[in-house]
Amino acid sequence: MEQLVRVKEVYGNGTALVFRVRESACSGDCHKCAGCGAAKETVLFTADNPIGARQGDLVRVESETAPVLKAAAVLYVAPLILFFLGYYIGYRMGNFGALVGTLGFALGIVLVVVYDRKVMKKTDLNYKITAFAGDSRREENKKGDNDLG
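This is a predicted model, so every value here is computed, not measured.

> What's the story with helix α1 (residues 66–92) in this structure? I'm lost.
Since one α-helical turn is 3.6 residues long, residues separated by three or four positions face the same way. The terminal C-alpha atoms of α1 lie 37 Å apart, and with 27 residues this matches the ideal 39 Å at 1.5 Å per residue to within 8%. At Val77, α1 is bent by approximately 35 degrees, the largest bend along its length, and proline Pro79 sits one to four residues beyond. Following α1 by one or two positions, Gly94 adopts a phi angle in the positive range, close to 130 degrees.

Given below as structure tokens:
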């Protein structure tokens, strides 16, 4: 997975603290939809800095895609599968499909929360600065994505 980030601090051990401002799905254009009040969230993380990026540089960061896709699959698929499985079992037991399906969905949500807590303790996503974004700040501002500034 690749994303544009801004370097906040550079450390002597070959790493850098980088940040990305994450907006809601509506891109924070509250004036377009009568002001939903969507908050921006700044995400800070450490990345390997083999290219020697300096504070303030706009850079490309890559990370492994597999852990993110696995987490998304668990998050979205597990509750749905357990809902339909529960519905089928409940229906076969005597028209309790909706009730057992709802319990299956709730079990899926519990499993997702447990999985998330387990993975957050164990998973160490490695980020690596791979390139300077060049003069893409001007291009990003043209698109209206000036949240890295």
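What follows continues from the structure just given.
> Even after reading the chapter, I still don't get the nonpolar core, so can you show me in this structure?
Note that soluble globular proteins tend to have their nonpolar side chains buried in a common cluster. One finds Val5, Val7, Ala16, Val18, Val43, Phe45, Ala47, Ala53, Val59, Val61, Tyr127 and Ile129 forming the largest nonpolar core, which totals 12 residues. The set of elements that each furnish at least two residues to this core consists of β1 (2–10), β2 (15–22), β3 (41–48) and β4 (58–62). At three residues, the largest contribution of residues to this core is made by β3. With residues near it in sequence (within four places) discarded, Ala53 still touches Val7, Val10, Val59, Ile129 and Phe132.

> Sorry if this is basic, but what is going on with the pairing of β1 here?
Consecutive residues of a regular strand have side chains that alternate between opposite faces of the sheet. Strand direction decides the pairing type here: β1 and β4, joined by five bridges, are antiparallel. Within β4, the position partnered with Gln3 by the bridge is Val61. As paired strands, β1 and β2 are joined by four bridges and run antiparallel to one another. Bridging across to β2, Glu9 finds its partner in Leu17. The hairpin formed by β1 and β2 contains four residues between the paired strands, and Gly14 there has a positive phi angle of roughly 85 degrees.

Calculation notes
- Residues numbered from 1 in each chain as written.
- Predicted model: local features only at pLDDT ≥ 70, side-chain atom pairs only at ≥ 80, totals over all residues.
- Heavy atoms only, no water.
- Helix = DSSP H or I, 4+ residues; strand = E, 2+ residues; numbered from the N terminus.
- Expected span 1.5 Å × (residues − 1).
- Bend = angle between axes of the 7 residues up to and from the residue.
- Core = buried A, V, L, I, M, F, W, Y, C linked by side-chain atoms within 4.5 Å.
- Buried < 20%, exposed > 50% of the residue type's maximum accessible area, 1.4 Å probe, protein only.
- Contact = heavy atoms within 4.5 Å.
- Pairing = 2+ DSSP bridges.

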